[in-house]
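Residue strings, one per chain:
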Amino acid sequence: MVVLRIRNVHKRKCALICLCIVGFIMYRYLSMSAGGRRMSRKVGLCANSSQFTLERESFRIIGGSIHYFRVPRAYWRDRLMKMKASGINTLTTYVPWSLHQPEREVFNFHTQLDLVAYINLAAELGLWVIFRPGPYISSELDLGGLPSWLLRDGSMKLRTTYPGFTQAVSTFFDQLIPKVVPLQFKKGGPIIAVQVENEYGSFAKDESYMLFIKEALQSRGISELLLTADNYNTMKSGSVAGAIRSVKLQKLNQKDIQDLNAIQPNSPTLVMDYWTGWYDVWGDLHHVLPPEDMVSTVREILRQGMSVNLYMFHGGSSFGFMSGALADPSYNYDAPVSEAGEYTPKYHLLRDLFFQFNRGDSFSDMPALHFREAYEPAIMFQHLSLWDALSFTEGPFKSPKPISMENLPVNNKNGQSYGYTLYETTITSGGLLESGDNVRDRALVFLDRSYIGLFKRQSLELVVSDVKGRRTLSLLVENCGRVHQGRDLDKQHKGLVGEILLNNIPLQDFTIYSLDMKPSFIDSLYQAPWKTLPDAPSFPGFFMGRLFAYGYPSDTFVKLPGWEKGVVFINGLNLGRYWSIGPQQTLYLPGPFLNSGINQVIIFEEQEGDFKVHFEDTPDLGMAAEIQ
């Protein structure tokens, strides 16, 4: 019995040793494999010679920008697979602080804003990642991606080491950076480089600021290669020690590259943003860059041994109110992959070029395109006047003087970020109404809720007819988007930002309603007193109809002929603004935003409507003009 027990113990020990050996071999194998080289990654991306090296092997960045916040999450994989199939090896993405932290105490890294899931998806598909966390990103976003609640501080100095700004950045980075630290290359993740701020050379108000941002990243665990990105003529003032400089451009000027190499000798050259097109603004033409011009520049960049990132590879859409001043919702950007995920001539030319550059390496197959459908029009059958919707807003608030959107006591004392604000007061006489420069950006003016005129930057005066007794004067002010660049970011308050004069006397005693048009507000309108659409409905107002999508919903494009200016909501989601002045004449409506069956369509229209919403299978971005 004793001998048998000893033999059994010996067998168990041998089995345990064998398991340990097998486990160690498997661990070493996994750690060395493409999917899990955690133990072998020690060097990362380096810029110590004329070419980048990745883990001591020569590496050329062939990158493309796709922003997770501009692409429906259901389409992330589709868009990144199209990027991979083109021959691109690196994804770059900005991080919009304003979306991730809409209020001082509120953070959102879920669903559409699940940054970690997006970066992990890139890794799964075999893409490296250059991470661009800002905090300022520009990207044609409202206030360049900075949250508007920063402007509640009357002394705020954005993008400087002003304590109110650095404390806010630190709080945000405390939430953001720990999420991506494990995703760095040397920890087995796909992030090979991190950008320090963005285009600071064109701002450059504080010599200590870039060092603060750099240390804010590194002190929280960022250990990969750091870089800055500026236009060629502002690179010096936008740089920081310990980060390589990269350049942004659309035309390859050899002198600019020589200047960069002189500033940064014996270092690889990275065109961090080669602009494949441009964004569009209201009232202008649709910007296009000929495919031949684009591919010839990229070919020359590669021929000269430089690395490149295509901004944008796929632009997507600036849904809701996220667009900066004057920019329209489409972020098509005339990019190689269109707003709706279509292949363009630019895509095919680039794929051919990258195939030649990679010496015939096999590329993954191009994913199939999604079906698009022209649905039957949605007929508006119910109407809700703006005035009947006011009881569902947050407020009203009383104030002796006008209050800007940002300083309203709404959203847990974080102010109003986007949308409209209604200011009402009482007058007892007519005369000359003057706005000065205090309406930001447009105001529809009403007397006893009847429209009498418009204030905008070019129209600063309005005659109010003689009145008898007490009359209600209303100004519906729209925030058309804060500027996304420049040196006046601190001055981007919206709404009424100063006094409105009637016969040179400031108006007083306002009642103020916040109309930020958030999903919670749109959802609350289910309880509103909607009425059957009359023959002559009042404006501004909300109009409701239904879109029927049977089976698996497809992508489509919303078109609004006969409507003037307003906002489209589909199933409570803010699709974006529309405006008859164009250039954009359709809004992209992704299939994942639709339900099979009935879908609710709500239009907020300021001035006039056709009472029918069309759905087409092709986009209309307006008359095109080549970028000069």
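Structure's up top.
A. Representation of the overall build of the protein chain. For the protein chain, the count of helices and strands is 11 helices and 35 strands. In terms of overall dimensions, the protein chain is globule-like: its C-alpha atoms have a radius of gyration of 28 Å, near the 25 Å expected for 628 residues. In terms of overall dimensions, the protein chain has C-alpha extents of about 110 × 65 × 55 Å along its principal axes. Across the protein chain, contacts joining residues at least 24 apart in sequence account for 78% of those joining residues at least 6 apart. Of the roughly 26,000 Å² that the protein chain leaves accessible, carbon and sulfur atoms contribute 53%. Computed over 62 positive and 63 negative side-chain charges, the separation of the two mean positions in the protein chain equals 12 Å.

B. Quick look at the pairing of strand β26 (residues 510–515). The element β26 is largely enclosed, with a buried count of 6 among its 6 residues. Note: strand β15 (residues 394–399) against β26, 4 bridges, orientation antiparallel. Across the sheet, E394 pairs through a bridge with S514, a residue of β26.

C. Main features of the nonpolar core. Y274, F354, I603 and V613 are the most contacted members of the largest nonpolar core, which totals 123 residues. The element that contributes the greatest number of residues to this core is helix α5 (residues 163–180), accounting for 8 residues. If we ignore the near neighbours within four places in the chain, the residues touching V613 are P377, A378, M380, V558, K559, L560, W563, V601 and I603.

D. Examining the packing of helix α2 (residues 76–86) against helix α9 (residues 345–357) more closely. Running from N to C, α2 and α9 cross one another at 45°; their axes reach a closest spacing of 8 Å. Comparing their axes, α9 and α2 come out oblique. Each of K82, A85 and S86 in α2 lies in contact with α9, whose residues at this interface are Y347, L350, R351 and F354. Residue classes in the contact of α2 with α9 are distributed as 4 nonpolar, 1 polar and 2 charged.

E. The arrangement of the pairing of strand β30 (residues 565–570) in detail. Within β30, 6 of the 6 residues are buried, which leaves it mostly tucked inside the rest of the structure. Pairing between β30 and strand β31 (residues 573–579): 6 bridges, direction antiparallel. From the neighbouring strand, I570 faces β31, where its bridge partner is L573. Joining the antiparallel neighbours β30 and β31 is a turn of 2 residues, in which N571 adopts a positive phi near 50°.

F. Geometry of the sheet that holds strand β33 (residues 597–605). Taken in spatial order, the 6 strands line up as β27-β14-β28-β33-β30-β31 in an open sheet, and their pairing is antiparallel. Sheet topology places β27 (531–532) and β31 at the edges, where each strand pairs with a single neighbour. In terms of strand pairing, strand β14 (residues 382–385) meets strand β28 (residues 541–549) through 4 bridges, oriented antiparallel. Counted as the bridge partner of S385 is G541 from β28.

G. Region of interest: the side chain of Q584. Summarising the element assignment, Q584 is placed in the loop between β31 and β32 (586–589). For Q584, a relative accessible area of 4% puts it in the buried group. Here the side chain of Q584 touches S330 through a polar contact of 3.0 Å, landing on its backbone nitrogen. Contacts of Q584, omitting those with residues within four sequence positions, involve W282, D328, P329, S330, W579, D620 and L621.

H. Layout of α5. An ideal rise of 1.5 Å per residue puts 26 Å on 18 residues; α5 measures up with 25 Å between its terminal C-alpha atoms. At F173, α5 shows its largest bend, some 35°. Those residues of α5 that fall on the buried side of the exposure criterion are G164, F165, T166, A168, V169, S170, F172, F173, L176, I177 and V180. Buried residues along α5 sit against α3 (97–100), α4 (115–124), β6 (128–132), β7 (191–195) and α6 (209–218).

I. Up close: the packing of aromatic side chains. Evaluation of the coordinates by the stated rule reveals 35 aromatic pairs. Relative to Y588, the ring of F557 lies with its centre 5.6 Å away and its plane at 40°, an arrangement referred to as tilted. On the criterion of sequence distance, the pair formed by F557 in strand β29 (residues 556–559) and Y588 in strand β32 is long-range, its members being 31 residues apart. You'll find F557 and Y588 in the same group, each marked buried.

J. The arrangement of unusual backbone geometry in detail. Here the residue pair Y311 and M312 is connected by a cis peptide bond, since its omega of 0° sits within 30 degrees of zero. Backbone geometry places T111, a non-glycine residue, at a positive phi of 40°. Its location among the elements puts T111 in the loop between α3 and α4. Assessed through its relative accessible area of 56%, T111 is described here as exposed.

K. Summary view of the packing of α5 against α6. Here α5 crosses α6 at 25°, and the two axes come no closer than 10 Å. By the criterion of interaxial angle, the relationship of α5 to α6 is roughly parallel. Of the two possible hands of crossing, α5 and α6 adopt the one that is right-handed. For the pair α5 and α6, contact is made by F165, T166, V169, S170, F173 and I177 and by Y209, F212, I213, A216 and L217, respectively. Grouping the amino acids of the contact of α5 with α6 by side-chain chemistry returns 9 nonpolar, 2 polar and no charged.

What counts and what doesn't
Residues numbered from 1 in each chain as written. Predicted model: local features only at pLDDT ≥ 70, side-chain atom pairs only at ≥ 80, totals over all residues. Heavy atoms only, no water. Helix = DSSP H or I, 4+ residues; strand = E, 2+ residues; numbered from the N terminus. Rg over C-alpha atoms; globule rule 2.2 N^0.38 Å. Contact = heavy atoms within 4.5 Å. Areas by Shrake-Rupley, 256 points an atom, 1.4 Å probe, with all protein chains shown as cover. Lys, Arg positive; Asp, Glu negative; His and termini not counted. Charge placed at Lys NZ, Arg CZ, Asp CG, Glu CD. Buried < 20%, exposed > 50% of the residue type's maximum accessible area, 1.4 Å probe, protein only. Pairing = 2+ DSSP bridges. Core = buried A, V, L, I, M, F, W, Y, C linked by side-chain atoms within 4.5 Å. Axes fitted to C-alpha atoms, helices over the stretch in contact; angles between N-to-C directions. Parallel < 35°, antiparallel > 145°, perpendicular 65-115°, else oblique. Nonpolar A, V, L, I, M, F, W, Y, C, P; charged D, E, K, R; others polar. Polar contact = N/O pair within 3.5 Å; in protein donor to acceptor, adjacent residues only side chain to side chain. Expected span 1.5 Å × (residues − 1). Bend = angle between axes of the 7 residues up to and from the residue. Phe/Tyr/Trp six-rings, centres within 6.5 Å; stacked < 30°, edge-to-face > 60°. Left-handed = near helix turned anticlockwise from the far one by under 90°.

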